Amino acid sequence: DEKYNSRRNLSSSPVLYGASSTAGGSVLYAGERECHYGNSVSLGDALHYLNYWLIFVCYLVAGGCGLAVVYNVNAIADSVGATVSYFYVTLISLGNGGGKLLSGVLSDTLQEKYGISKLELLSLAICMVSITQGMLAFGSKALLLPCVLSVGFLNGCSISLVTVVIADLFGPTH
């Protein structure tokens, strides 16, 4: 079926790597249909975009890594010999809240002044979570404080940015 195969050709969607520009904005391609930037795409239609799956898998992995630290920060602090593990629980919560607040302001400022998109900022946050996870693997008490703070901050950033990126790419309605 040609219509099915054209919808399944996910590599033709240019959104993630720089969308083509038209008078109405960037265009998402889904087989024979096209949706202009800002118009809503239903969840069923979004499932046909490679961009949706890339964001889903990246966020699933990075969000899972961040949540693993959030849920186990007490045990991580105990394993490196930190005596006041409740301090790290508070610190990760403050970092998470700060990341949620600052990511909005930071993403808007970076997009206006330097042209850095929210998707690029989300990608950076996901990469930084990976680096922080690697640093935590060393089990150093000296690295615990900056790692816990950055995991909280980056987890808050990614939670805030992923919703905005999805709304920018696929529309705010669905």
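Up top you'll find the structure we're talking about.
Residues numbered from 1 in each chain as written. Predicted model: local features only at pLDDT ≥ 70, side-chain atom pairs only at ≥ 80, totals over all residues. Heavy atoms only, no water.

Here we look at the packing of aromatic side chains
Per the counting criterion, the structure on display carries 6 aromatic pairs. Ring centres of Y52 and F56 lie 6.3 Å apart, and the angle between their planes is 15°; this geometry places the pair in the stacked category. Here the residue Y52 and the residue F56 both occupy positions in helix α3 (residues 50-79), the gap between them amounting to 4 residues, near one helical turn. Residue classification places Y52 among the buried residues on the basis of a relative accessible area of 15%. Three or more aromatic residues joined by ring pairs make a cluster, and in this case those are Y49, Y52, W53, F56 and F170. (Phe/Tyr/Trp six-rings, centres within 6.5 Å; stacked < 30°, edge-to-face > 60°. Helix = DSSP H or I, 4+ residues; strand = E, 2+ residues; numbered from the N terminus. Buried < 20%, exposed > 50% of the residue type's maximum accessible area, 1.4 Å probe, protein only.)

Here we look at the packing of α3 against helix α6 (residues 141-170)
The relative placement of two packed helices comes down to the angle between their axes together with the axis-to-axis distance. At a closest axis distance of 10 Å, the pairing of α3 and α6 adopts a crossing angle of 155°. Our classification of the angle between α3 and α6 gives roughly antiparallel. Both α3 and α6 take part in a crossing whose hand is left-handed. Residues N51, Y52, I55, Y59, G63, G66, L67, V69, V70, V73, I76 and A77 of α3 lie in contact with α6, whose contacting residues are L144, V148, V151, N155, S158, I159, V162, V165, I166, L169 and F170. Grouping the constituent residues of the contact of α3 with α6 by class yields 18 nonpolar, 5 polar and no charged. (Axes fitted to C-alpha atoms, helices over the stretch in contact; angles between N-to-C directions. Parallel < 35°, antiparallel > 145°, perpendicular 65-115°, else oblique. Left-handed = near helix turned anticlockwise from the far one by under 90°. Contact = heavy atoms within 4.5 Å. Nonpolar A, V, L, I, M, F, W, Y, C, P; charged D, E, K, R; others polar.)

Focus on the nonpolar core
Counting residues in hydrophobic clusters, the biggest one holds 16 residues, and the most contacted among them are I55, L122, V165 and F170. Going through the elements one at a time, α3, α5 (118-136) and α6 are the ones with two or more residues in this core. When residues of this core are assigned to their parent elements, the largest contribution, 5 residues, is made by α6. Counting 13 residues, the second largest nonpolar core, distinct from the first, contains A77, A82, L136 and L144. (Core = buried A, V, L, I, M, F, W, Y, C linked by side-chain atoms within 4.5 Å.)

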